[in-house]
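Observations on the model geometry
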Amino acid sequence: MFRYSQPPEVDEAATTTTTAAASNGADDAVADQTSHSIRDRLRFKRNPNQATSPTASTSGRGAKSREDRAPSLRSRWHHHHHHGAGGGRRKSWLAFRGVYLFYFVVAFSVFAFAIASVLLQSSVTSMMFSTGWSEQRRSAGEGLRLGTTLRFVAGGRSRPLVEGQGLDRIRMQRVARVGLRAPKLAVILGNVKKNPQLLMLITLMKNLRNLGYALQIYAPKDGRAQSVLEQTGGQLSILPNENYSHVDWSMFDGIIVDSLQGTEAMSSLMQEPFCSIPVIWIIQEDALANRLPVYEEKGWTQLVSYWRSAFRRASVVVFPDFTLPMLYSVVDPGNFFVIPGSPVDVWAAEIYGKTHDKHQLRMNNGFDREDIVVLVVGSSFFYNELSWDYAVAMHSLGPLLVKYARRNDAEGSFKFVFLCGNSTDGDAIQEVASGLGLIQGSVRHYGLNGDVNSVLLMADIVLYGSSQDEQGFPPLITRAMTFGIPVMTPEIPIMKKYVSDESHVLFFPKYDPEALMRTFSLLISDGSLSKLARTLSVSGRLYAKDMLASECVSGYAKLLENTLSYPSATLLPASVDRLQQVTWEWSLFGEEIDGEAVDSNIRGLSVVQNLETEVQDLVTSVNTSEIATEIWESDGLTKLDWDVLDEIESSEEFENVELEQVEERMDKHPGVWDEIYRNARKAEKLKFEANERDEGELERTGQPVCIYEIYPGAGAWPFLHHGSLYRGLSLSSKARRSRSDDVDAVARLPLLNDTYYRDILCEMGGMFSIANKVDNIHKRPWIGFQSWRATGRKVSLSPKAERVLEEKIRRETVGDVIYFWTRLDMVYEATAGSVKLGFWSVCDLLNAGHCRTTFKNAFRQMYSLPSHLEGLPPMPEDGGHWSALHSWVMPTPSFLEFIMFSRMLVDSLDSLQADSSQVCTLSSSEIEEKHCYCRIAELLVNVWAYHSGRKMVYIDPETGIFEEQHSIEERKGAVMWSKYMNLTLLKSMDEDLAEAADDGDLLREKWLWPLTGEVHWQGIYERERVERYRQKMDKKRKNREKLVERNRIGYKQKPL
């Protein structure tokens, strides 16, 4: 988004020169595909068709004439300037003489230049926004008028990230938060090359680790910076782009994606169950921005839509400066954000300084060793013509130029260089210089489409001439300070925010030429640089190296606090205030800083080109089909051709009918019965080929057990198994695998059509669907379940463990036992050094500290217990293991008993939820609130199995070794609540609820229990028996009536 803000009021002359800021440069800059002279920092580049050599423009050098160029207001400025000056000479009543006449000419020239620049700005603004290829850019320009400034403002989705208070409110709570693990972040890199973008990420990751985050780094291939990444403390995994779909992203609390090359990972994050994971996408290159105008010209709207949808998936898209989001405004879904800070300018200046000599550059460009070169730079927003910034600069620099560049006998030799526009835009500056009476060659002009680094390195003093209140620190000033050049700048907020007067730069009041003269004189002593200038050169260079590092790291740390949802089981990171003075991690790179990837256009260019190639192939195929259609239409059949074709078809049909009649009159041998049966089976197989989805359906016949793998979306497909032991159970009808016989949980349990209940029940909803009329889907003595997350977290059964489990079930058919292979302490791993916690303590940590209270209230309400009785079943702390992730196997009758208990307990939980005004007491974040009952339902099987007297056996998922947990002999000595888990009691309670539901006696308005499964009691059985008897009697009656009717009118068999 963009905002136009009115600048502060100044005097009349200043108001004339402070017109609308550089919005329109964005469109011109995007069109530039080839000029990389100022790299990725000065985004708003210039005419790409102009010369790119750093040739200075002087009055004697012949650039294009104004008549040959495209019509612009500079010719209008030239006309006004000479016309006004000439008019002044023709008026005889202007009796100015000597120095008064000179000052009149100077003042009038500067005034005319300022007016022309204002008109130029207005012309460019109207021209840029008169045409455009998106409504967003057109709307951005409609409200732009003179005197306004273009600013980037965070969009609707990213605004809460700016205004959020992070974790300050939680940290201020009196009760200290206890967690099991540190918050986990996944960092997806585009490459592992040593470049400034990676330097920024390494600095960020190291400081995030110091704040308490755990990092897992993914990269498509190894590179030179692999050892550097390992030193940051994060685990590096080499993962090709096509394997990103095999990562369980739900393990992470947030994901940081670097560069456009992370698009491959974003595609897997756009599917359930990963859609709700916070993603921070960092874009540091303009490779895509440079191609967006090309998409408009070629009509590739598919690519624009693709990138907009990809950016929309991210929680926030972060840019390192305020120009990049304007370049990407076409694909902005409203979540663009800016965190200033990147070492790319310092990196580029350091490399350039090592490979180029300052004195040699000055000699090549015609400067003497004794010359004092004063470089004037302006705003980072540029247009196809000179910016109005330079009109203001010329107004303020007039006296300075007159004093130091007008006379040959001035102290020292001063050369004033203006860095702006294109290399052919120097005529206007030279005309002003000649109007001021400056000596030949004392004022030069260089274009921004040339070698900007060389111009900066040649300078002795850099003067920042812009008076605009910009949002970001000017990159040209950063490079100048890195080159060790003293800088003068007006007192504008952005400068005062980052640098100090007389410590890093020299400040002067804006719009004050006399103050500018005094400040400039401080840098000159006896025709050379003063001691103060040399001091500023050294201090500025040291300060610029790490100037924005602290703000960058603290900005990302605060952004993470506002973006991530910290689950109840995670420890909170340390406050951003604990970060000390942050510097870029130059030491990790050592002396290996090189130009490997200075130009960030290289980053992300491959993925952009690959997508463009796909679109080109698609367009080519469409064009080919259209051409073929046109040829077919042009060579269409005539009426005579159709008549001939009808005659041929009629004759063939007549012959076929005759042949069939002849074959019917002839005797034929039917053939061998085995061959007939084989042909019939082959035809039957072909007929029902669409239903033969998986060989596992046939292989499952005769198996004693079937394990249902529960999954919520297509993103979980890579984690599912195939074969006779497993069968998929989809919680979404649209997410079923096309070539597998997965069970549709929604079709079996209509409650799951409601997104609210599907989210709060999670895997338990899938179990309810299987238990609903279980005989229709499962006819095996044993049943098992496994969450898709078990495979993603590498705690699922290995092939060896699967064979051992199947043999164990076949061999030992007697006994009520539950086998589980996913331990609670394996899934929710505790931080190293933490104390081993008990069952209810872990449950509390997973449910915002309210697991005991909520379970106690739900249990007491379920059994209608009085308040003086304890409602929390005791769970031993004997060091044994507990089941997690719904990964277990048990006999089918035991499963139905467990579901009977779970349905009633979940219904009690839901009633408590309804009484608490729809606020989930078991959550501390939005994601946990969405899945309110999931974590407590995941542990419910342990409470039921322990207190119902089931034998609990842990099987190692790798080796298949069995180990009994919480033996029944030990439980007999402890307190077991077996009376509450008694099957007779549970059946009686179930029948009471079923009778109430059947009679329409609803316990509350939204009663969950009747919707979670079958509703049966003795009255329903009796009603069904009476209904069957009535249908039987009706059938007999109809048969008697039909027989009487036949006897009355007679019966005649219909002819065949």
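Scroll up for the structure.
Presented here is an overview of the structure given in this document. (Residues numbered from 1 in each chain as written. Predicted model: local features only at pLDDT ≥ 70, side-chain atom pairs only at ≥ 80, totals over all residues. Heavy atoms only, no water.)

1. Some details on the sheet that holds strand 15 (residues 506–508)
For the record, the criterion: Two strands form a pair only when DSSP identifies at least two bridges running between them. Here a helix means four or more residues in a row that DSSP labels H or I, a strand means two or more in a row labelled E, and each is numbered from the N terminus. All axes here are fitted lines through C-alpha atoms, helices being fitted over the stretch that makes contact, and every angle between N-to-C directions spans 0 to 180 degrees.
Taken together, six strands build an open sheet; the order of strands is 12-11-10-13-14-15 and the sheet is parallel. With one partner strand each, in any of the chains shown, strand 12 (443–446) and strand 15 form the two edges of the open sheet. Here the strands of the sheet are splayed against their neighbours by 25 degrees on average, with no regard to which way each runs. Pairing analysis gives six bridges linking strand 10 (residues 371–377) to strand 11 (residues 413–419), with the strands arranged parallel. When the sheet's bridge partners are listed, Val-374 is paired in strand 11 with Phe-416.

2. Description of the state of the cysteines
Selection criterion: Cysteine sulfur atoms that come within 2.5 Å of each other are treated as a disulfide pair.
Summed over all chains, the structure comprises three disulfides. Shown here is the disulfide that connects Cys-762 with Cys-934, its sulfur atoms set 1.8 Å apart. Linking Cys-762 and Cys-934, the disulfide has an S-S dihedral of approximately 75 degrees and is accordingly described as right-handed. Of the two residues, Cys-762 is situated in the loop between helix 30 (755–761) and helix 31 (763–771) and Cys-934 in helix 39 (residues 934–938); the sequence distance between them amounts to 172 residues.

3. Concerning the nonpolar core
Here is the rule: Nonpolar cores are built from buried Ala, Val, Leu, Ile, Met, Phe, Trp, Tyr and Cys residues. Side-chain atoms within 4.5 Å join them into one set. Here the term buried applies to any residue with accessible area under 20% of the maximum for its type, exposed to any over 50%, and partly exposed to those in between, with areas from a 1.4 Å probe on protein chains only. In this description, contact between two residues means that some pair of their heavy atoms is separated by no more than 4.5 Å.
Ranked by internal contacts, the top residues of the largest apolar core, which has 89 residues, are Ile-770, Phe-785, Tyr-863, Trp-888, Phe-895 and Phe-901. Here this core takes nine residues from helix 37 (residues 892–915), the largest share from any one element. With near-sequence residues (within four places) excluded, Trp-888 lies in contact with Met-767, Ile-783, Gly-784, Phe-785, Ile-818, Tyr-819, Phe-820, Trp-821, Ser-883, Phe-895, Phe-898 and Val-941. Among the nonpolar cores identified, the runner-up in size contains 52 residues, and Leu-239, Ile-283, Ala-289 and Leu-324 belong to it.

4. Some thoughts on the side chain of Thr-203
Structurally, Thr-203 can be placed in helix 8 (residues 196–211). Every residue in contact with Thr-203, bar those within four places of it in the chain, is listed here: Val-553, Val-582, Thr-583, Trp-584 and Glu-585.

5. Quick word on the sheet that holds strand 9 (residues 336–338)
An order of 5-4-3-6-7-8-9 is seen for the seven strands of this open sheet, with the pairing classed as parallel. The open sheet has two edge strands, strand 5 (235–238) and strand 9, and neither has a second partner. On average, each strand axis in the sheet is inclined to that of its neighbour by 25 degrees, with strand direction left out of account.

6. Topic: the pattern of salt bridges
Short version of the rule: A side-chain nitrogen of Lys or Arg and a carboxyl oxygen of Asp or Glu constitute a salt bridge if their distance falls within 4 Å.
As enumerated under the stated definition, the model contains 29 salt bridges in all. With a closest N to O distance of 3.6 Å, Glu-350 and Arg-541 form a salt bridge. In this pair, Glu-350 is assigned in helix 14 (residues 344–355) and Arg-541 in helix 22 (residues 531–544), connecting sequence segments 191 residues apart. Since its relative accessible area comes to 37%, Arg-541 is described here as partly exposed. For Glu-1041, the salt bridge goes to Arg-1037, with nearest N and O atoms at 3.2 Å. With Glu-1041 and Arg-1037 both in helix 43 (residues 1018–1049), this residue pair falls four residues apart, about one helical turn.

7. Topic: the environment of Val-943
Along the polypeptide, Val-943 turns up in helix 40 (residues 940–947). Spatially, the C-alpha atoms of Val-943 and Pro-874 are 8.7 Å apart, while their sequence positions differ by 69 residues. The residues touching Val-943, leaving out its near neighbours within four places in the chain, are Phe-839, Trp-840, Phe-855, Pro-873, Met-875 and Met-981.

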